[in-house]
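Structural description and commentary
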Amino acid sequence: MREELNSIYSLFACTRDILRKYGPELAPRGRAGGVTFAGIAVEMVNTVLRPLLTKWHPALAEWEAARLPGDSVVMHERAWEQVDLLRAEVSDTRRVLLELAADLHDAMQIEPLIGGT
């Protein structure tokens, strides 16, 4: 799950950096349907990724800190009583991200690079 959260954080950080670097240029006025990369990206960062990371990153870090020397990292993570809930929330987040990707493909009028669910 640490790798999953790190990947999600990487997406969060990369998207935030793109928004900072290009700002308003990513949200051209008058776009058909009003959907823009910036709009989708801001929604993704603020309503999808940030809540997941804010909740689970510190919780997992606290559990990881309780691992005894010599204990397997993987076995310790699997023993966490909240790991299944975290997995479920990551799976839900993945579904939302795929929906947002489809919205972006539609807005940009390009073919999807990834499949659905």
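Now for a description of the structure that goes with this document.

Calculation notes
Residues numbered from 1 in each chain as written. Predicted model: local features only at pLDDT ≥ 70, side-chain atom pairs only at ≥ 80, totals over all residues. Heavy atoms only, no water. Axes fitted to C-alpha atoms, helices over the stretch in contact; angles between N-to-C directions. Helix = DSSP H or I, 4+ residues; strand = E, 2+ residues; numbered from the N terminus. Left-handed = near helix turned anticlockwise from the far one by under 90°. Nonpolar A, V, L, I, M, F, W, Y, C, P; charged D, E, K, R; others polar. Expected span 1.5 Å × (residues − 1). Contact = heavy atoms within 4.5 Å.

Turning our attention to the packing of helix α1 (residues 2–22) against helix α2 (residues 37–65). Orientation of α1 relative to α2, taken along the N-to-C sense of each, is 145°, at an axis distance of 9 Å. The way α1 lies across α2 gives a crossing that is left-handed. Residue composition of the contact of α1 with α2, by class: 19 nonpolar, 2 polar and 3 charged.

A few words on α1. Look at α1: 30 Å from first C-alpha to last across 21 residues, which is about the 30 Å you get at 1.5 Å a residue. Within two residues after α1, G23 carries a phi angle of roughly 40°, on the positive side.

Okay, the side chain of T15 next. With respect to the helices and strands, the residue T15 is situated in helix α1. Excluding residues within four positions of it along the chain, T15 makes contact with A41, M44 and V45.

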